[in-house]
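Secondary and tertiary structure notes
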Amino acid sequence: MKQSFIFLSCLLLCACSNVDKNFDKAVESTLSGGKKIAFTFELGNCLACHVIAEGDAPGNIGPELKSLPLRFKDKTQLHQFIWDATQFNPNTSMPPFGKNKILNDDEIKQLVDYLWELK
Ligand code: HEC
């Protein structure tokens, strides 16, 4: 009796964690453009290291991504940073997304347009 209770509890847990994953996928599929690239695990996955407004369960290895016009002189400079952050800080843990072909030029452009507007 006790064993079957444990077994059933495990089943339920597995089922719920799958629901959770499917829910994440459902949320991702409602996003578009730069926000989708930033929030999606298989694309930019910027949330792994950065707090971004409305982003779920972010990491805190890098700073929160907001008010970037105060940090970068224009969108071109922000594009260069995401393309290859090691140009700005050789010891950074941020992957060189463009240089290493994780994201292409157009995807980084969409990211820049989205991030530039975050207050
Ligand atoms: C493995 C962790 C990691 C990932 C993933 C990551 N970053 Fe970063 N990022 C950092 C760190 C650490 C910094 C701090 C600056 C430094 O190290 O030079 C940073 C800094 C930045 C900055 C400068 C912010 C500021 O206020 O100075 C921007 C913009 C940025 N990241 C954008 C992105 C974007 C866009 C993505 C996703 C495509 C991303 N990062 C993914 C670690 C990461």
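I will try to describe carefully the structure that is included in this document. None of the values given here were measured: they were computed from a predicted structure.

Reading guide: rules and limits
- Residues numbered from 1 in each chain as written.
- Predicted model: local features only at pLDDT ≥ 70, side-chain atom pairs only at ≥ 80, totals over all residues.
- Helix = DSSP H or I, 4+ residues; strand = E, 2+ residues; numbered from the N terminus.
- Buried ≥ 20, exposed ≤ 12 C-beta atoms within 10 Å, placed from the backbone.
- Contact = placed C-beta atoms within 7 Å.
- Near = placed C-beta within 6 Å.
- Nonpolar A, V, L, I, M, F, W, Y, C, P; charged D, E, K, R; others polar.
- Core = buried A, V, L, I, M, F, W, Y, C linked by C-beta atoms within 7 Å.
- Arc of directions from axis to C-beta.

**Some thoughts on the overall build of the protein chain**
A count of helices and strands for the protein chain gives 4 helices and 0 strands. When the elements of the protein chain are put in sequence order from the N terminus, they spell out α-α-α-α. With 119 residues in all, the protein chain has 14% of them scored as buried. Partitioning the intrachain contacts of the protein chain with sequence separation of at least 6 by distance along the chain shows that 44% fall at a separation of at least 24.

**A look at unusual backbone geometry**
The backbone phi angle of N45 is positive, close to 50°, even though this residue is not glycine. Looking at the element boundaries, N45 is found in the loop between α2 (33-39) and α3 (75-83).

**Re the site of the ligand**
Lining the immediate surroundings of the ligand are 25 residues, of which G44, C46, C49, G62 and T92 lie closest. With 3 residues, α3 is the largest single contributor of residues to the shell around the ligand. Grouping the constituent residues of the shell around the ligand by class yields 17 nonpolar, 7 polar and 1 charged.

**Focus on the nonpolar core**
Counting 13 residues, the largest nonpolar core has A38, L78, I82, I108, L111, V112 and L115 as the members making the most contacts within it. Here this core gets 4 residues from one element, more than from any other, and that element is helix α4 (residues 105-116). Contact partners of A38, with chain neighbours within four places excluded, come to G44, C46, L47, I52, L111 and Y114.

**What about α3?**
If you check which residues of α3 are buried, you get L78, F81 and I82. Across the axial projection of α3, the buried residues extend over an arc of 95°, all falling on one side. On its buried face, α3 is in contact with α4.

**Considerations on the environment of A57**
Within the secondary structure, A57 is located in the loop between α2 and α3. Sequence-wise, A57 and L47 are 10 residues apart; in three dimensions their C-alpha atoms are separated by 7.6 Å.

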